[in-house]
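In case you want the letters, here they are:
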Number of protein chains: 2
Amino acid sequence: MPVKNDMTADFLRSAYGGESMAHMRYLIWGDHAEKQGMPNIARLFRAIAFAEQVHAANHFKELGELPGGAAVTSGAVFGFGSVAENLQGAIDGEVHEIEQMYPVYLQTARFQQENGAERSFRYALEAEKIHAKMFKTAQDAAKTGKDMKLKEVYVCPVCGYTGDGETPDYCPVCGVKKDLFKRFSA
Amino acid sequence: MPVKNDMTADFLRSAYGGESMAHMRYLIWGDHAEKQGMPNIARLFRAIAFAEQVHAANHFKELGELPGGAAVTSGAVFGFGSVAENLQGAIDGEVHEIEQMYPVYLQTARFQQENGAERSFRYALEAEKIHAKMFKTAQDAAKTGKDMKLKEVYVCPVCGYTGDGETPDYCPVCGVKKDLFKRFSA
Ligand SMILES: [Fe+2]
Ligand SMILES: [Fe+2]
Ligand SMILES: [Fe+2]
Ligand SMILES: [Fe+2]
Ligand SMILES: [Fe+2]
Ligand SMILES: [Fe+2]
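Let us look at the structure shown here. If you're wondering where the values come from, they're calculated on a predicted model, not measured in any experiment.

This paragraph deals with the sheet that holds strand S2 (residues 153-155) of chain A. Residue and element names in this part refer to chain A. The strand order across the open sheet formed by three strands is S3-S2-S4, and the pairing between neighbours is antiparallel. Lying at the two open borders of the sheet, with one neighbouring strand each, are strand S3 (162-164) and strand S4 (182-184). Looking at each pair of strands side by side, their axes are set apart by 25° on average, direction ignored. Relative to S3, S2 is paired through three bridges, and the arrangement is antiparallel. Of the residues in S3, the one forming a bridge with Tyr 154 is Gly 163. Sitting on the sheet, helix H4 (residues 115-143) is in contact with S2 and S3, with an inclination near 40° to S3.

Have a look at this one:
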């Protein structure tokens, strides 16, 4: 069902812009971490870049009935420094989404009874909580000059849920079967 | 050398946002074209998505000395319709960049003597001209309900120059050797 309310539509566009820029900076920072001899941190960046792609695609498809050009304003983080510095940028972006952006967008979608947008924002919010923690673990290692320890990372292609190690049989956020998970192994 | 002028820095941020969103919508529209039984158009979308990644990364790295969060306003195109409709969105976005956005950004970078930004904007502008033409060829096929004919597509990882078929020995825009080109074959 198409989005009915302008405010929810604007928030979907902003969230699409924010997720697209997060996806892109994680690809850039992932390539940099690889060159700095930290392949596990590079793999984490790439796996989470894919999760942000899932979020961006969900928001975009919710807007499918509202085609055309728009000027989109979104939060973004810049900087191309050490691996630990880049990870701080990643953490800052995720924390903003967890504490400020997605709670407000989610509240608005509920208030305006926009069920599709509500689901899309909720899926993203749940994944960002995990992303912030995983980036913190990566940063603890990078600060000592070492790569992180990291098992296989899996990402749900429906909601962007992200984890490492043993996979649950079903995605704990959207319920999809684990066979669909995209896996990032060493 | 770091960016010295606020206006050029703002345009780099906007261009980063615009390229990140273009990259993302081409991935989304590429997956859709694949599902609609048009693997060549899907491959074109994915190759050009990679070229936009090169542009985004160039702009981002120019801003490397200016870390931190920012609210970024960028042009974007939305819509999730037929393959031919999505290609119209792609053409509209490229034409805006060719005729409006990059000429102004490039002019500003020259005026403010920002050599790094000037190069980054110029590389993008040259590639977008080709992208608009390739998407038009794809749309001509999609409008008749058929996949496009498409040879191997190659993309320069330094400047995003894009072509199909025989590769030149050196990138005509940035001069890098063809061995570095990223190739997208059927
Ligand atoms: Fe996200
Ligand atoms: Fe995230
Ligand atoms: Fe899920
Ligand atoms: Fe571009
Ligand atoms: Fe382009
Ligand atoms: Fe090039």
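At the interface, 33 residues of chain A touch 33 residues of chain B. The largest per-residue losses of area from chain A upon contact with chain B belong to A:Met24, A:Phe60 and A:Phe78, which jointly make up 27% of the total buried on that side. At the surface where chain A touches chain B, the tally comes to zero salt bridges. Across the contact surface, chain A and chain B share 12 residue pairs in polar contact (both at pLDDT 80 or more). Elements with a minimum of two residues in the side of chain A that touches chain B: helix H1 (6-35), helix H2 (39-62) and strand S1 (68-78) of chain A. The pairing of S1(A) with strand S1 (residues 68-78) of chain B spans 11 bridges and is classified as antiparallel. Following the sheet pairing, A:Ala70 is matched in S1(B) by B:Ala76.

A few words now on H4(A). For H4(A), built from 29 residues, the straight-helix expectation of 42 Å at 1.5 Å per residue is met to within 8% by its first-to-last C-alpha distance of 42 Å. A:Gly145 occupies a position one or two residues after H4(A) and carries a positive phi of about 80°.

Following the sequence through the fold, B:Ala71 ends up in strand S1. Relative accessible area serves as the criterion here: at 67%, B:Ala71 is assigned to the exposed category. A sequence separation of 29 residues divides B:Ala71 from B:Gln100, and the C-alpha atoms of the two residues are 22 Å apart. With near-sequence residues (within four places) excluded, B:Ala71 lies in contact with A:Thr73 and A:Ser74.

Before going further, it helps to examine the coordination of the iron ion (ligand 4). Residues and elements named next belong to chain B. Bound to the iron ion (ligand 4) are the protein donor atoms Glu 19 (OE), Glu 19 (OE), Glu 52 (OE), His 55 (ND1) and Glu 128 (OE), situated 2.0 to 2.3 Å from the metal. The motif formed by the donor residues of the iron ion (ligand 4), counted along the single chain, is E-x32-E-x2-H-x72-E. Between the two metals, the iron ion (ligand 4) and the iron ion (ligand 5), the spacing is 3.8 Å, and Glu 52 donates to both. Of this pair, Glu 52 and His 55 both sit in helix H2 (residues 39-62), three residues apart, roughly one helical turn. Overall, Glu 52 belongs to the buried group, its relative accessible area being 1%.

With that out of the way, let us pick up the packing of helix H1 (residues 6-35) of chain B against helix H3 (residues 83-111) of chain B. All names here are of chain B. At a minimum axis distance of 11 Å, the contact between H1 and H3 shows a crossing angle of 165°. Here H1 is positioned roughly antiparallel relative to H3, judged by the angle of their axes. Along this stretch, H1 crosses H3, giving a crossing that reads as left-handed. Contacts from Thr 8, Phe 11, Ser 14, Ala 15, Glu 19, Arg 25, Tyr 26, Trp 29, His 32 and Ala 33 in H1 reach Val 83, Asn 86, Gly 89, Ala 90, Gly 93, Glu 94, Glu 97, Met 101, Tyr 102, Tyr 105, Thr 108 and Ala 109 in H3. For the contact of H1 with H3, the class distribution of residues is 11 nonpolar, seven polar and four charged.

Moving on: the pattern of salt bridges. Residues and elements named next belong to chain A. Within the structure shown, the criterion is met by 22 salt bridges over all chains. One salt bridge connects Glu 114 with Lys 4, and the closest N-O pair in it is separated by 3.5 Å. A residue pair is termed long-range when its members are at least 10 positions apart, and Glu 114 in the loop between helix H3 (83-111) and H4 and Lys 4 in the segment before H1 qualify at 110 residues. Through salt bridges with shared partners, one network takes in Asp 31, Glu 34 and Arg 46.

Reading the values: rules and limits
- Residues numbered from 1 in each chain as written.
- Chains lettered and ligands numbered in written order.
- Predicted model: local features only at pLDDT ≥ 70, side-chain atom pairs only at ≥ 80, totals over all residues.
- Heavy atoms only, no water.
- Pairing = 2+ DSSP bridges.
- Helix = DSSP H or I, 4+ residues; strand = E, 2+ residues; numbered from the N terminus.
- Axes fitted to C-alpha atoms, helices over the stretch in contact; angles between N-to-C directions.
- Contact = heavy atoms within 4.5 Å.
- Buried area = accessible area lost by both parts, 1.4 Å probe.
- Salt bridge = Lys/Arg side-chain N within 4 Å of Asp/Glu carboxyl O.
- Polar contact = N/O pair within 3.5 Å; in protein donor to acceptor, adjacent residues only side chain to side chain.
- Expected span 1.5 Å × (residues − 1).
- Buried < 20%, exposed > 50% of the residue type's maximum accessible area, 1.4 Å probe, protein only.
- Donors = N, O, S within 2.8 Å, 3.2 Å for Na, K, Ca; no water.
- Parallel < 35°, antiparallel > 145°, perpendicular 65-115°, else oblique.
- Left-handed = near helix turned anticlockwise from the far one by under 90°.
- Nonpolar A, V, L, I, M, F, W, Y, C, P; charged D, E, K, R; others polar.

Any functional reading would require information beyond the geometric quantities listed.
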